[in-house]
Amino acid sequence: DVSSPKHGKVDPDNMPHVGGNMWAGGTGGRDTAGLGGKGGPYRLDAGHRVYQVSQAEKDAVPEEVKRAAREMGEKAFKQRLKEIQMSEYDASTYERFSGAVRRQVQSLRIILDNLQ
């Protein structure tokens, strides 16, 4: 079961972590920042294969945990904007322009990776 969202511990060796409730950047777990899990405050990709929990498990997360995760994610987002000296308006403007060309940029990245 989920209890409360948190960032989680950072693995200094960046080993893949699947499931559990401890590591930041893990996959398929609970409560910690990562991918494919449930109840975490925000997505955090450590570059490993993603294991996804079912949508039914995600839907079963209590509303108070979802609310706490959203609040923690929003706080982390605002802190990151402050670190890079970007306002919320700047971020929304960037997202608007970035979103319009996201597929083309991804295609170009694939082409350049293949050329290397």
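Residues numbered from 1 in each chain as written. Predicted model: local features only at pLDDT ≥ 70, side-chain atom pairs only at ≥ 80, totals over all residues. Heavy atoms only, no water.

### Quick notes on the environment of Thr27
Inspection of the secondary structure assignment puts Thr27 in strand S1 (residues 26-27). Taking the relative accessible area as the measure of exposure, Thr27 reaches 4% and is therefore buried. Excluding residues that lie within four positions of it along the chain, Thr27 makes contacts with His17, Val18, Gly19, Leu35, Arg49, Val50 and Tyr51. Looking at Thr27, its side chain comes within polar contact range of the main-chain nitrogen of Tyr51, at 3.3 Å. (Helix = DSSP H or I, 4+ residues; strand = E, 2+ residues; numbered from the N terminus. Buried < 20%, exposed > 50% of the residue type's maximum accessible area, 1.4 Å probe, protein only. Contact = heavy atoms within 4.5 Å. Polar contact = N/O pair within 3.5 Å; in protein donor to acceptor, adjacent residues only side chain to side chain.)

### Remarks on the side chain of Asp11
You can see Asp11 is positioned in the segment before S1. The side chain of Asp11 is buried and forms no salt bridge, while Lys9, the nearest opposite charge, is found at 10 Å. Only 3.3 Å separates the side chain of Asp11 from the backbone nitrogen of Met15, close enough to count as a polar contact. (Lys, Arg positive; Asp, Glu negative; His and termini not counted. Salt bridge = Lys/Arg side-chain N within 4 Å of Asp/Glu carboxyl O.)

### What about the domain arrangement of the protein chain?
Put simply, an interface is often sized by how much accessible area is lost when its parts join up. Domain annotation of the protein chain identifies domain 1 (1-84) and domain 2 (86-115). Relative to domain 2, the C-alpha centre of domain 1 lies at a distance of 24 Å. With five residues of domain 1 at the contact, the number on the domain 2 side is four residues. By the criterion of area lost to domain 2, the three top residues of domain 1 are Lys78, Leu81 and Ile84, representing 83% of everything that side buries. The interface formed by domain 1 and domain 2 holds one salt bridge in total. Between Glu88 and Lys78 there is a salt bridge, with the nearest N and O atoms lying 3.9 Å from each other. Remark: the boundary between domain 1 and domain 2 carries two residue pairs in polar contact (both at pLDDT 80 or more). Counted by class, the side of domain 1 that touches domain 2 contains three nonpolar, no polar and two charged residues. (Domains from an automatic or database assignment. Buried area = accessible area lost by both parts, 1.4 Å probe. Nonpolar A, V, L, I, M, F, W, Y, C, P; charged D, E, K, R; others polar.)

### Concerning the pattern of salt bridges
Within this structure, the stated rule accounts for seven salt bridges. With a shortest N-O distance of 3.2 Å, Glu83 and Arg80 are connected by a salt bridge. Here Glu83 pairs with Arg80, and both are found in helix H2 (residues 63-83), just three residues apart, close to one helical turn. Look at Arg80 and you get partly exposed, because its relative accessible area is 47%. The structure contains a network of salt bridges with shared partners spanning Glu74, Lys78 and Glu88.

### Quick word on the layout of surface pockets
By volume, the largest pocket amounts to about 390 Å³. If you trace the largest pocket, you find 29 residues lining it, with Gly34, Gly37, Lys38, Gly39 and Gly40 closest to the centre. Contributing elements (two or more residues each) for the lining of the largest pocket: S1, strand S2 (34-35) and H2. Ranked by residues supplied to the lining of the largest pocket, first place goes to H2 with three residues. (1 Å grid on protein atoms, 1.4 Å probe; cavity = no way out; pocket = protein on both sides within 12 Å on 5 of 7 lines; lining within 4 Å. Points joined across faces, edges and corners; volume = space filled by probe spheres on them.)

### Points about the packing of aromatic side chains
The tally for this structure, following the rule as stated, stands at zero aromatic pairs. Just above the ring of Phe97 sits the side chain of Arg96; from NZ or CZ to the centre is 4.9 Å. (Phe/Tyr/Trp six-rings, centres within 6.5 Å; stacked < 30°, edge-to-face > 60°. Lys NZ or Arg CZ within 6 Å of the ring centre and 35° of its normal.)

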